[in-house]
Amino acid sequence: MKPIEVISGAVSHLDRADVDTDQIMPKQFLKRIERSGFGRYLFYDWAQEPGWDLPANPILVTGPNFGCGSSREHAPWGLQDYGFEAIVAPSFADIFYTNCTKIGLLPVVLEERHCRALAAAGEGQVDLRAQEVRYRDPAGQLVAVPFTIDAEVRRRLLEGLDDIALTLSEHASEIDAYERARADRQPPLPCTSAL
Amino acid sequence: MAKTMFEKIWEAHAIGEGAHGGLLYIDLHLIHEVTSPQAFEGLRLAGRSVRRPEHTLATADHNVPTDGTAAAAQIKEELSRVQVQTLERNCSEFGIPIYSLGSSRQGIVHVIGPELGVTQPGMTIVCGDSHTSTHGAFGALAFGIGTSEVEHVLATQTLPARKPETMVIRYVGELGYGVSAKDLVLGTIGQIGVDGAVGHVVEYAGQAIASLSMEGRMTVCNMTIEAGGRAGMIAPDQTTFSWFTETRRPGAPAELERAIERWAQLPSDPGARFDREVTVDASALAPQVTWGTTPGMVAPVTGRVPSPTELEGPVDPSTAQRALEYMALEPGTPIAEIELQRVFIGSCTNSRIGDLREAAEVVAGKRVAKGVRAMVVPGSAQVKAQAEAEGLDRIFRDAGFEWRGAGCSMCLGMNPDTLAPGERCASTSNRNFEGRQGRGGRTHLVSPRMAAAAAIAGHFVDIRDWEVA
Ligand code: SF4
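Along every chain, residues carry numbers that run from 1 in the direction the sequence is written. Going through the entries in the order they are written, you letter the chains from A and number the ligands from 1. Totals for whole chains, interfaces and linings use every residue, but because this is a predicted model, local features are given only for residues with pLDDT of at least 70 and side-chain atom pairs only at 80 or more, for both listing and counting. Where side-chain values are given, they derive from all heavy atoms of the structure, hydrogens and water being excluded.

A. The site of the ligand, seen in detail. We call a residue near a molecule or strand whenever a single non-hydrogen atom of that residue lies within 4 Å of it. Near the ligand, the surroundings consist of H62, I108, H110, D129, H131, S347, C348, C408, C411, L412, N430 and R436 of chain B. Partitioning the shell around the ligand into residue classes produces 5 nonpolar, 5 polar and 2 charged. Gly is placed with the polar residues, together with every amino acid not listed as nonpolar (Ala, Val, Leu, Ile, Met, Phe, Trp, Tyr, Cys and Pro) or charged (Asp, Glu, Lys and Arg).

B. Spotlight on the pattern of salt bridges. Whenever Lys or Arg places a side-chain nitrogen within 4 Å of a carboxyl oxygen from Asp or Glu, that contact is recorded as a salt bridge. Applying the stated criterion across every chain yields a total of 45 salt bridges over all chains. Close ionic contact of D462 of chain B with R464 of chain B constitutes a salt bridge, the shortest N to O distance being 2.9 Å. Using a relative accessible area of 13% as the deciding quantity, one classes D462 of chain B as buried. Relative accessibility decides the category of a residue: with a 1.4 Å probe and only protein chains considered, values under 20% of the type maximum give buried, values over 50% give exposed, and everything between is partly exposed. A relative accessible area of 30% means that R464 of chain B is categorised as partly exposed. When salt bridges that share partners are traced, they join K102, E152, R155, R156, D163 and E170 of chain A into one network.

C. Focus on the side chain of R431 of chain B. Going along the chain from the N terminus, every DSSP run of H or I of four or more residues is numbered as a helix, and every run of E of two or more is numbered as a strand. With respect to the helices, strands and loops of the structure, R431 of chain B is situated in the loop between β18 (424-427) and β19 (442-445). You can call R431 of chain B buried: its relative accessible area is 1%. There is a polar contact of 2.9 Å between the side chain of R431 of chain B and the side chain of S130 of chain B. Discounting residues that sit within four places of it in the chain, R431 of chain B has contacts with G69 and S70 of chain A together with S130, H131, I225, E226, R436, T443 and L445 of chain B. N or O atoms within 3.5 Å of each other form a polar contact, as long as, within protein, one can give a hydrogen and the other can take it, and as long as residues adjacent in sequence are counted only when both atoms are side-chain atoms. Contacts between residues were defined by any pair of non-hydrogen atoms, one from each residue, lying within 4.5 Å.

D. Focus on the nonpolar core. In this structure, F43, F66, L79 and F96 of chain A together with F396, F401 and F460 of chain B are the most contacted members of the largest nonpolar core, which totals 83 residues. Of all the elements, helix α15 (residues 448-457) of chain B adds the most residues to this core, at 7 residues. Residue contacts for L79 of chain A: discarding those within four places in its chain leaves I24, L42, F43, L60, F66, F84, I87, F96 and L105 of chain A. Residues belong to a common nonpolar core when they are buried Ala, Val, Leu, Ile, Met, Phe, Trp, Tyr or Cys residues joined through side-chain atoms within 4.5 Å. Core analysis: the next-biggest nonpolar cluster, separate from the first, contains 77 residues, A72, I96, V194 and A197 of chain B among them.

E. Just the sheet that holds strand β15 (residues 342-345) of chain B, in detail. All names here are of chain B. The rule for pairing is simple: two strands pair if DSSP sees at least two bridges between them. With respect to topology, 5 strands assemble into an open sheet ordered β17-β16-β15-β18-β19, the strand pairing being parallel. The open sheet has two edge strands with one neighbour each: β17 (402-403) and β19. Sheet topology places β15 next to strand β16 (residues 373-376); 4 bridges connect them, and they run parallel. Bridging from a neighbouring strand, I345 pairs with V376 of β16. What counts as an axis is a line fitted to C-alpha atoms, over the stretch in contact for a helix, and the angles between N-to-C directions run from 0 to 180 degrees. Strands in contact with α15 are β15, β16 and β18; relative to β15, the strand with the most contacts, it is inclined by about 150°.

F. Up close: the interface of chain A and chain B. Tallying the contact residues gives 60 residues for chain A and 83 residues for chain B. A 1.4 Å probe defines the accessible area here, and the buried area is the portion of it lost by two parts on being joined, summed over both. Across the chain A/chain B interface, buried area totals approximately 5900 Å², and carbon plus sulfur atoms make up 56% of it. Inspection of the chain A/chain B interface yields 11 salt bridges. Taken together, the connections running from chain A to chain B amount to 37 residue pairs in polar contact (both at pLDDT 80 or more). Of all the elements in the fold, those that place two or more residues in the side of chain A that touches chain B are α1 (21-24), α2 (74-82), α3 (94-103), α5 (151-159) and α6 (163-182) of chain A. Partitioning the side of chain A that touches chain B into residue classes produces 19 nonpolar, 14 polar and 27 charged.

G. Local environment of the environment of D129 of chain B. For D129 of chain B, the position within the fold is in the loop between β6 (124-127) and β7 (141-144). Between the C-alpha atom of D129 of chain B and that of G146 of chain B, which follows or precedes it by 17 residues, the distance is 7.4 Å. Leave out the neighbours within four places in its chain, and D129 of chain B touches S71 of chain A together with H32, H62, H110, G144 and I145 of chain B.

H. Region of the structure containing the packing of aromatic side chains. Under the pairing criterion, centres of Phe, Tyr and Trp rings, with the six-membered ring standing for Trp, must be within 6.5 Å; the plane angle then separates stacked pairs below 30 degrees from edge-to-face pairs above 60, leaving the rest tilted. For the structure on display, the rule yields 20 aromatic pairs over all chains. Summarising the aromatic geometry, the rings of Y178 of chain A and Y25 of chain B are spaced 4.9 Å apart at their centres and angled 40° between planes, so their arrangement reads as tilted. Here Y178 of chain A, found in helix α6, pairs with Y25 of chain B, found in strand β2 (residues 23-25), and the two come from separate chains. Classification of Y178 of chain A as buried rests on a relative accessible area of 10%. Ring centres 5.5 Å apart and planes at 75° place the aromatic pair F138 of chain B and W243 of chain B in the edge-to-face group. Of this pair, F138 of chain B sits in the loop between β6 and β7 while W243 of chain B sits in helix α9 (residues 238-245), and the two are 105 residues apart along the sequence. Given a relative accessible area of 0%, F138 of chain B falls into the buried group. These aromatic residues form a ring-pair network of at least three members: F138, F241, W243, F244 and W263 of chain B. Comment: the charge-over-ring label is applied if NZ (Lys) or CZ (Arg) is within 6 Å of the ring centre and within 35 degrees of the ring normal. The ring of W46 of chain A has R16 of chain A sitting right over it, with the charged end atom 4.2 Å from the ring centre. When the ring centre of W46 of chain A is taken as origin, the NZ or CZ atom of R322 of chain B, which lies over that ring, is 5.0 Å away.

See below:
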């Protein structure tokens with residue numbers, strides 16, 4: 001995973017609430033067994049509607065509860081492959097938020113009025129190290145809005161760490177110990193290979 | 001200190017709250033063909049193995065045709081065939097048990113876990129599928145994950161996890177005659193909104209929940225994700241234990257009585273604190289029908305399609321306006337006057353034997369309305385066999401329903417079962433998103449009885465007025 005520090009540039013605005021992952025990446029593209037190349041299918045059905053305009057900018061600003069519905073990671077894959085590096089919204093669906101952080105697509109929760117102001121500014125900066133979003137207000141004044149993110153998630157994103165490698169290197173003996181301690185617990189775990 | 005059921009399960013599975021956050025041990029990892037191929041590929045590229053294949057179980061469900069196709073190699077559509085075959089190959093390479101097409105245990109992943117008895121109280125269960133919340137009906141902590149997390153669980157049998165917040169939805173009163181678990185959960189989402197439970201593990205409580213069958217409880221927990229909830233849970237009780245004692249389930253614990261003693265300690269302690277509490281009056285609910293493109297856009301069957309400007313509750317007016325355009329519905333139209341072309345009884349929400357029995361009771365001796373195409377898709381090969389043993393398939397066929405093979409089918413239309421653009425469908429599934437059942441298709445979510453009655457009448461009817469033959 002590529003480390004993230006500051007994401008800056010133009011902003012695309014999708015002004016809709018409750019955008020579900022079925023819209024972000026429709027089901028017909030979930031049959032692919034590859035991980036790359038999903039960008040061209042992003043918002044496939046909506047993109048055919050007249051007036052659709054969502055340029056591939058570094059920052060996407062959108063409405064509340066973004067990414068609700070299906071757990072498909074194909075949705076964040078598509079958003080990232082399309083060109084978005086950060087997604088700013090008043091709120092995200094849980095699974096979607098986690099999926100984004102796993103692939104280095106930065107989800108940023110910002111109050112709705114700041115989301116709108118950032119969209120209106122047309123460009124801005126998302127600074128993960130400083131944990132703030134910066135943009136200019138209509139008078140040209142620089143506005144810096146802090147955002148919160150889990151410290152461990154932030155560390156992994158800043159350093160571009162691979163979760164699995166980290167778990168195996170930092171926790172392998174703890175997992176072993178946990179399994180040993182549980183071995184005589186009741187009831188034993190069902191064994192799927194002995195059904 | 002008094003603990004919630006969630007806290008008890010969480011604490012029993014938490015590993016090391018070290019400097020870098022803790023891990024959650026996963027007891028059961030369920031897998032299907034759509035969200036796993038890239039995870040297996042990741043393992044292969046890194047030269048990793050599956051840590052606990054014996055606590056992992058795979059099935060093919062999303063892509064499978066429901067026309068009786070009996071083996072992956074016979075799937076006509078190439079991409080679907082490749083995806084199911086890839087799952088079979090991955091499972092054999094990594095030693096994971098699989099019930100694929102043609103197996104007598106194949107079915108929708110959330111139907112077969114409970115059916116086989118591998119879904120048990122007190123467990124942590126994950127799957128690369130948002131409706132994993134279904135398994136919480138047994139008093140398990142079960143939630144959906146993405147493909148990167150699937151890979152993480154395969155490699156480590158754990159997940160990096162932060163403790164979510166907790167929420168309890170307490171129902172007061174009992175469900176009225178003809179009002180089902182589906183109506184209960186749709187009505188709840190209508191009240192709290194599609195983001196009403198974001199960030200929370202939800203425990204459902206109250207007499208209306210205690211009175212539900214296991215199947216009804218699964219329907220409720222299944223749709224937790226439609227309110228944005230991380231997981232849904234229901235305390236195990238006698239109804240839960242009977243699931244294991246009354247039917248032989250291959251995954252059930254060998255020493256069942258000892259297991260039940262343990263399970264009986266799981267329910268939240270009296271006085272345990274939740275981060276949020278919501279109360280819903282179950283007795284006030286009528287059978288529900290969704291009118292829009294999120295499960296929260298829902299009305300009683302006795303009601304009308306609302307006007308976006310006069311909406312009460314959590315739905316945003318501009319989203320509602322867009323939804324009505326997509327659904328081609330006029331505000332003020334009585335719900336009962338909405339006419340249908342398709343009816344789908346199936347999905348992990350409502351495709352279990354109890355759902356099919358309820359639907360069959362409604363259609364027995366009647367005929368599907370002219371101009372309506374209706375199908376019943378059992379949730380698993382076992383449900384199908386059971387229904388056929390009871391003669392339910394005959395009842396459906398005689399009434400003019402299609403009786404199909406097990407799978408996700410028209411819940412998401414990744415297989416040949418889809419809506420055509422503009423077609424309007426009464427569906428027992430869980431999502432009425434734009435295009436979910438086929439591009440341009442219009443979905444109304446309802447209970448199995450409501451869907452069955454709509455198939456006969458050709459429009460929605462209040463099931464409480466239905467005359468059973
Ligand atoms: S039935 Fe529908 S919701 Fe359930 S697992 Fe299949 S596609 Fe997902």
